[in-house]
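Close look at the chain arrangement
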Amino acid sequence: MDIILLTIGKTNISYIKDGIEEYSKRLKRFINYKIDELPDARKSGKITESEQKEAEGALILRQLSDSDMVILLDERGKEYTSREFASYLERVMASGRKRLIFVVGGPYGFAQSVYQRADAKISLSKMTFNHEMVRLFFTEQIYRGISILHNLPYHHD
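Residues numbered from 1 in each chain as written. Predicted model: local features only at pLDDT ≥ 70, side-chain atom pairs only at ≥ 80, totals over all residues. Heavy atoms only, no water.

Looking at the layout of surface pockets
Size it by volume and the largest pocket reaches roughly 400 Å³. Leu73, Asp74, Glu75, Phe129 and His131 are, among the 21 residues lining the largest pocket, the residues nearest its centre. For the lining of the largest pocket, the elements supplying multiple residues, two or more each, are strand 3 (69–79), strand 5 (120–123) and helix 5 (131–149). A per-element tally of the lining of the largest pocket places strand 3 first, with four residues. A class-by-class count of the residues in the lining of the largest pocket yields 11 nonpolar, seven polar and three charged. Roughly 290 Å³ of volume is contained in the second largest pocket. Along the wall of the second largest pocket there are 15 residues; nearest its centre are Ile8, Gly9, Lys10, Asp40 and Arg42. (1 Å grid on protein atoms, 1.4 Å probe; cavity = no way out; pocket = protein on both sides within 12 Å on 5 of 7 lines; lining within 4 Å. Points joined across faces, edges and corners; volume = space filled by probe spheres on them. Helix = DSSP H or I, 4+ residues; strand = E, 2+ residues; numbered from the N terminus. Nonpolar A, V, L, I, M, F, W, Y, C, P; charged D, E, K, R; others polar.)

With respect to the packing of helix 1 (residues 14–27) against helix 5
Between helix 1 and helix 5, whose axes approach to 9 Å, the crossing angle comes to 20 degrees. Regarding the angle of helix 1 to helix 5, the classification is roughly parallel. Here helix 1 and helix 5 pass one another in a crossing that is left-handed. Residues Ile16, Gly19, Ile20, Tyr23, Ser24, Arg26 and Leu27 of helix 1 form the contact with helix 5, whose own contacting residues are Glu132, Met133, Arg135, Leu136, Thr139, Glu140, Ile142, Tyr143 and Ile146. Class assignment of the residues belonging to the contact of helix 1 with helix 5 gives a composition of nine nonpolar, three polar and four charged. (Axes fitted to C-alpha atoms, helices over the stretch in contact; angles between N-to-C directions. Parallel < 35°, antiparallel > 145°, perpendicular 65-115°, else oblique. Left-handed = near helix turned anticlockwise from the far one by under 90°. Contact = heavy atoms within 4.5 Å.)

So, in structure tokens, the structure goes:
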């Protein structure tokens, strides 16, 4: 199974890029993991919040196939402990789907069409993080989940 983190906008902060690169490199031993960055709709000129969500939603939906498992990273999603998330990953990876796509929306969240397409929503925290930090935190959590499933000495209860 391929695991893809689909994001709006680019990561420009060097220490965040370095962290993402480190965990992505570790993951390559176990799974196909990549981050796909879509253009930020704000770059296309003055648009309203609603127009931005719709434009970003259209970009997101174009990246998805009907057979993809799509999980939104959303503040109203289900929260997991790291062990629970590892079990969740294990169940999803055993589902027979070819691609598992986690989606980080733009600064205003997701268009209704993206919520309708999603198979699930998860939350990293009740706190709000900037979108670049979410990429690092989530990539680390994917690695942590995989390390739990492979009994690596990374996670400590």
